[in-house]
Amino acid sequence: GNGTDNTSAVQSAINYALANGIRRIHFPGGTGYYRFASASAPLNPGIGNLHFSGDGMDSSKILFEEGTVTVGTRKVLFGNNTTSLKGSLEFSGLGFNGTLTQKGYVEGGGAAMFLDYYKSINIHHCKFFDLSFMATACEAIRSVQFTHNHCERIVRDICRFRSSFNCFVTHNYF
């Protein structure tokens, strides 16, 4: 991550993984960050069965430029809200950094994850920081695990899993 918009490169990696039965997409850590511009489309994990991993929440940093939308369509980093049941998703060792302080602590922006109708979502050892709206805004998930995460300076919901079952939220820093 050198600060350029990484949206098309990461979406290409997702598409390649889905087409070839690869299950893991890794974000190597380092001194830079992976930038996703506010004008870019959401990353679509498709049918799922993918694991997005990093080298640690303070090492593999994702800069999610949230934009300024406060009503209507908000910016989403990972998004798929089709109503058919999909596979599983896992996120580990990643730092999701928003743009709250750049906007003067004003609510707006979007959600890091807007994922609906997955069999399971497992988010662990991740950091959600400086978000001007929500960390997760997911619905109709059959099984949720949100564990060992660090969540700080988030204006609205930290882990929202509406109409979801078997939600396990523990060992987090809020």
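See the structure above.
Residues numbered from 1 in each chain as written. Predicted model: local features only at pLDDT ≥ 70, side-chain atom pairs only at ≥ 80, totals over all residues. Heavy atoms only, no water.

Engineer: Is there a simple way to think about the sheet that holds strand E11 (residues 134-139) in this case?
Structural biologist: Whether parallel or antiparallel, the strands of a sheet pair through hydrogen bonds between backbone atoms. The four strands are arranged E5-E8-E11-E14 in an open sheet whose pairing can be described as parallel. The open sheet terminates on both sides in strands that have one partner only, identified here as strand E5 (76-80) and strand E14 (159-162). Going across the sheet, the axis of each strand differs from the next one's by a mean of 5 degrees, ignoring polarity. Pairing of E11 with E14, which is carried by four bridges, proceeds in the parallel orientation. Opposite Glu139, over in E14, you have Arg162 as the bridge partner. (Pairing = 2+ DSSP bridges. Helix = DSSP H or I, 4+ residues; strand = E, 2+ residues; numbered from the N terminus. Axes fitted to C-alpha atoms, helices over the stretch in contact; angles between N-to-C directions.)

Engineer: Where do I start with the sheet that holds strand E2 (residues 34-36) in this structure?
Structural biologist: Strands sit in the order E2-E4-E7-E10-E13 across an open sheet of five strands; the sheet is parallel. The strands lining the two open edges of the sheet, one partner per strand, are E2 and strand E13 (150-154). The sheet shows a mean angle of 15 degrees between the axes of neighbouring strands, taken without regard to direction. Of the pairings in the sheet, the one linking strand E7 (residues 95-97) to strand E10 (residues 127-131) comprises three bridges and is parallel in character. For Asn97, the partnering residue across the bridge sits in E10 and is Phe129.

Engineer: Help me understand the packing of aromatic side chains in this model?
Structural biologist: Applying the stated criterion across every chain yields a total of nine aromatic pairs. Aromatic side chains Phe91 and Phe96 sit 6.5 Å apart centroid to centroid with 70 degrees between the ring planes, which places their arrangement in the edge-to-face category. Each residue in the set Phe52, Phe78, Phe91, Phe96, Phe128, Phe146 and Phe174 is aromatic and connected to the rest through ring pairs, giving one cluster. Sitting above the plane of the Tyr118 ring, Lys86 keeps its charged end 4.8 Å from the centroid. Across the ring face of Phe129, the terminal group of Lys127 is positioned such that the distance to the ring centre comes to 5.2 Å. (Phe/Tyr/Trp six-rings, centres within 6.5 Å; stacked < 30°, edge-to-face > 60°. Lys NZ or Arg CZ within 6 Å of the ring centre and 35° of its normal.)

Engineer: What is the right way to look at the nonpolar core in this model?
Structural biologist: One recurring pattern in soluble globular proteins is that nonpolar side chains are buried together. Phe52, Phe91, Phe96, Met113 and Phe128 are the most contacted members of the largest nonpolar core, which has 35 residues in total. Non-local contacts of Met113, meaning those with residues more than four positions away in its chain, are made with Phe78, Phe91, Phe96, Ile123, Phe128, Ala135, Thr136, Ala137 and Cys138. (Core = buried A, V, L, I, M, F, W, Y, C linked by side-chain atoms within 4.5 Å. Buried < 20%, exposed > 50% of the residue type's maximum accessible area, 1.4 Å probe, protein only. Contact = heavy atoms within 4.5 Å.)

Engineer: What's the story with unusual backbone geometry in this structure? I'm lost.
Structural biologist: The phi angle of most residues is negative, glycine excepted, and most peptide bonds adopt the trans form. In this structure, Arg153 is a non-glycine residue whose phi angle is positive, near 55 degrees. Locating Arg153 in the fold gives a position in strand E13.

Engineer: Is there a simple way to explain the state of the cysteines in this structure?
Structural biologist: Put plainly, two cysteines are in a disulfide when a covalent bond ties their sulfur atoms together. Applying the stated rule across the entire model yields zero disulfides. Cysteine Cys151 shares no disulfide, and the gap to the nearest cysteine sulfur, in Cys159, comes to 6.9 Å. Here Cys151 falls in the buried class, since its relative accessible area comes to 2%. Here Cys167 stays free of any disulfide, with the sulfur of Cys159 as its closest cysteine sulfur at 8.4 Å. What makes Cys167 partly exposed here is its relative accessible area of 40%. (Disulfide = S-S within 2.5 Å.)

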